[in-house]
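Coordinate inspection notes
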Amino acid sequence: MSLKVSRGTQDFLPRSCKKLDFILRKARAVFEHYAFQEISTPIFENTAVFMQGIGEDTDIIQKEMYTFQDKGQRSLTLRPEGTAAVVRACIEHRLLTSSQKLFYVGPFFRYERPQAGRYRQFHQIGAEYLGESSPYADAELIILAYRLFSSLGLKDLHISINTIGDSSSRPAICALIRDFFTPYHSQLSAHVQQLLRQNPLRILDSKDPFIQTCLERFSGFQSCLNKESLTHYQCVLSLLDLEKIPYKETPFLVRGLDYYTHTTFEICSEQLGAQSAICGGGRYDHLVEKLKGPATPAVGFAFGLERLLTILDQENSFKIDTKPLVVFIPLGIEAEQSCFSYMEQCRKAGIACHRFLGLTKLSQHLKHAHNLNATACVIIGENELQTQQFLFKHMDSGEQSHIPIDQLISTMEAMK
Ligand code: HAM
């Protein structure tokens, strides 16, 4: 029985939490500029939300869900993604009488084979724009994601974009893929043969080397798209051109979830290796209806925080501003109590303070204060208590001076 962190999960230690906070603050600022509001849904949902929302032929539903029965025999699932859950919440709270721009942040769970950039518990920031069928909504979201990553200092981003057309184009696309693979039928695995019968589009997403080789001869399904689908797609591309957002048209980009229609896109970084996608999204015009809501077109994306952290670490892009911290050093029992009260006064005035309990030597206190990256130390010994002056030591310069007790807060405020 292991007492170590569970496979595919990780601890975020204080330094990583600061980096996550840095990303979140940037993201929230960008979402605000685009008028998106935050929503938060439960970590687990009734399993049917994902079963009906994501599509039964997807890897998520077939292999990756953490599903369990609670004591009331309900089938529950730790959320593997956010879109179906946000849609469920919008239907339940009747938010879809007008369009909604929503974003969310939190942990998600997929039972995948762990490797660099792939975890069983990972974190996403996602955005869903519900109630708009216009290609302007697709373009706005892609641009939002691009601007967000740029504001974080990410370089060498690649946007891949495609259209899989609306639902009326789907039968012709499926027929085309089936016809293409018919001559190879006996060489296909049982799983691919099943996909060919039930959900041929999924095959284009396959990592199977044989399928990949076959697909080199497949000319794509763009000929099956109807006029509306092509017009929608061309409009999205022209809006990206207008804003000079670079992208690459990627004809087989169908994405691993079944709810997509029209636009699909991914944003990748070369720095990530095999799991290169930081962000994925697209339009999903029928998901709300599938979850028994009113017909509502929608588009969205989500990106993985772990992958973003990896790139930002490699690029050394974190600019974490640390707030001033003052370490109090009492020398003697009498000084300990005075320190306790002065520290509370400082905290009330908005100044962060700390005291290392149990240390006796000044040198130990200073060493620990240095390790904590303290801005200054306030040293209070018998002499200081008698003269009602503190010894104030700047950690960077090493300079120290005596200051009257009543000037302590103003001195510290000047450091903020
Ligand atoms: P997704 O492509 O499955 O889309 O996930 C989006 C992003 O989450 C990925 O690009 C990746 O950065 C991160 N991610 C996914 N799985 C893992 C994992 N096992 N470990 C680490 N990071 C991971 C969705 O989830 C859709 N709900 C996106 C969407 C929103 N489409 C429309 N609206």
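Scroll up for the structure.
1. A word on the environment of Leu 242
Mapping Leu 242 onto the fold places it in helix 9 (residues 227-242). Along the backbone, Leu 242 and His 262 are 20 residues apart, and their C-alpha atoms lie at a distance of 20 Å.

2. Some thoughts on the sheet that holds strand 11 (residues 298-304)
Strands sit in the order 1-5-6-11-10-9-7-8 across an open sheet of eight strands; the sheet is mixed. Bordering the open sheet on either side are strand 1 (37-38) and strand 8 (248-249), each of which pairs with just one other strand. In this sheet, strand 11 lies alongside strand 10 (residues 277-283) in antiparallel orientation, the contact comprising five bridges. Bridge pairing in strand 11 places Arg 283 opposite Val 299.

3. Here's the deal with the packing of aromatic side chains
Applying the stated criterion across every chain yields a total of 18 aromatic pairs. Residues Tyr 342 and Phe 390 carry aromatic rings whose centres are separated by 5.0 Å and whose planes lie at 85° to one another, so their mutual orientation is edge-to-face. A residue pair is termed long-range when its members are at least 10 positions apart, and Tyr 342 in helix 12 (residues 333-348) and Phe 390 in strand 15 (residues 389-394) qualify at 48 residues. The exposure class assigned to Tyr 342 is buried, which follows from its relative accessible area of 15%. Members of the aromatic cluster, joined through ring pairs, are Phe 180, Phe 181, Tyr 184, Phe 210, Phe 218 and Phe 252.

4. Examining the side chain of Ser 206
With respect to the helices, strands and loops of the structure, Ser 206 is situated in the loop between helix 7 (190-198) and helix 8 (209-215). Assessed through its relative accessible area of 17%, Ser 206 is described here as buried. Here Asp 208 takes part through its backbone nitrogen, which lies 3.0 Å from a polar atom of the side chain of Ser 206.

5. A word on the site of the ligand
Contacts to the ligand come from 26 residues, most closely from Glu 81, Glu 112, Tyr 119, Tyr 260 and Ile 278. One of the side-chain N or O atoms of Gln 124 is found 3.0 Å from an oxygen atom in the ligand. In the model, an oxygen atom of the ligand is placed 3.1 Å from a nitrogen or oxygen of the Gly 304 main chain. Here the ligand has 660 Å² of accessible area as a free molecule, and 95% of this is covered by the chains. If you list the elements that add at least two residues to the shell around the ligand, you get strand 6 (121-130), strand 10 and strand 11. Across the shell around the ligand, the residue classes break down as 11 nonpolar, eight polar and seven charged.

6. Here we look at the sheet that holds strand 13 (residues 352-354)
Sheet architecture is open: five strands sit in the order 13-12-14-15-16, paired in mixed fashion. Whereas interior strands pair on both sides, the edge strands pair on one side only; in this sheet they are strand 13 and strand 16 (400-404). Averaged over all pairs of adjacent strands, the angle between strand axes in this sheet comes to 30°, irrespective of strand direction. Where strand 14 (residues 376-380) and strand 15 come together, four bridges link them in antiparallel fashion. Bridge assignment links Ile 379 to a residue of strand 15, and that residue is Leu 391. Contacts from helix 12 reach strand 12 (325-330), strand 13, strand 14 and strand 15 within the one sheet, and its direction differs from that of strand 12 by about 165°.

7. Thoughts on helix 4 (residues 83-92)
When you tally the buried positions in helix 4, you get eight out of 10 residues, the bulk of the element. Among the residues making up helix 4, those that are buried are Thr 83, Ala 84, Ala 85, Val 86, Val 87, Arg 88, Ala 89 and Cys 90. Looking one or two residues past helix 4, Arg 94 carries a phi angle of roughly 50°, positive in sign.

Parameters at a glance
- Each chain carries its own residue numbering, running from 1 in the direction its sequence is written.
- Only residues with pLDDT of at least 70 get local features here, since the model is predicted, and only at 80 or more are side-chain atom pairs given and counted; chain-wide, interface and lining totals rely on the full set of residues.
- Only heavy atoms go into the side-chain values, all of them from the structure, while hydrogens and water stay out.
- Helix and strand labels come from DSSP, where a helix needs a run of H or I of at least four residues and a strand needs a run of E of at least two; each type is numbered from the N terminus.
- DSSP bridges decide pairing: two strands pair if at least two such bridges lie between them.
- Stacked, tilted and edge-to-face are the three classes applied to pairs of Phe, Tyr and Trp rings, where Trp contributes its six-membered ring and a pair requires centres within 6.5 Å; stacked means planes under 30 degrees apart, edge-to-face means over 60, and tilted covers the rest.
- The buried label goes to any residue with under 20% of its type's maximum accessible area, the exposed label to any with over 50%, and the partly exposed label to all in between, with areas taken from a 1.4 Å probe on protein chains only.
- What qualifies as a polar contact is a pair of N or O atoms within 3.5 Å, subject to a donor-acceptor requirement within protein and to the restriction that residues adjacent in sequence count only when both atoms come from side chains.
- Throughout, the term near means that a residue has one or more heavy atoms lying within 4 Å of the molecule or strand in question.
- In short, Shrake-Rupley with a 1.4 Å probe defines the accessible areas, and a residue's cover is counted only from the protein chains shown.
- Put simply, Ala, Val, Leu, Ile, Met, Phe, Trp, Tyr, Cys and Pro go in the nonpolar bin, Asp, Glu, Lys and Arg in the charged bin, and everything else, Gly too, in the polar bin.
- Lines fitted to C-alpha atoms define the axes here, with helix axes fitted over just the stretch in contact, and angles between the N-to-C directions of these axes take values from 0 to 180 degrees.
- By the convention used here, residues are in contact when the closest approach between their heavy atoms is within 4.5 Å.

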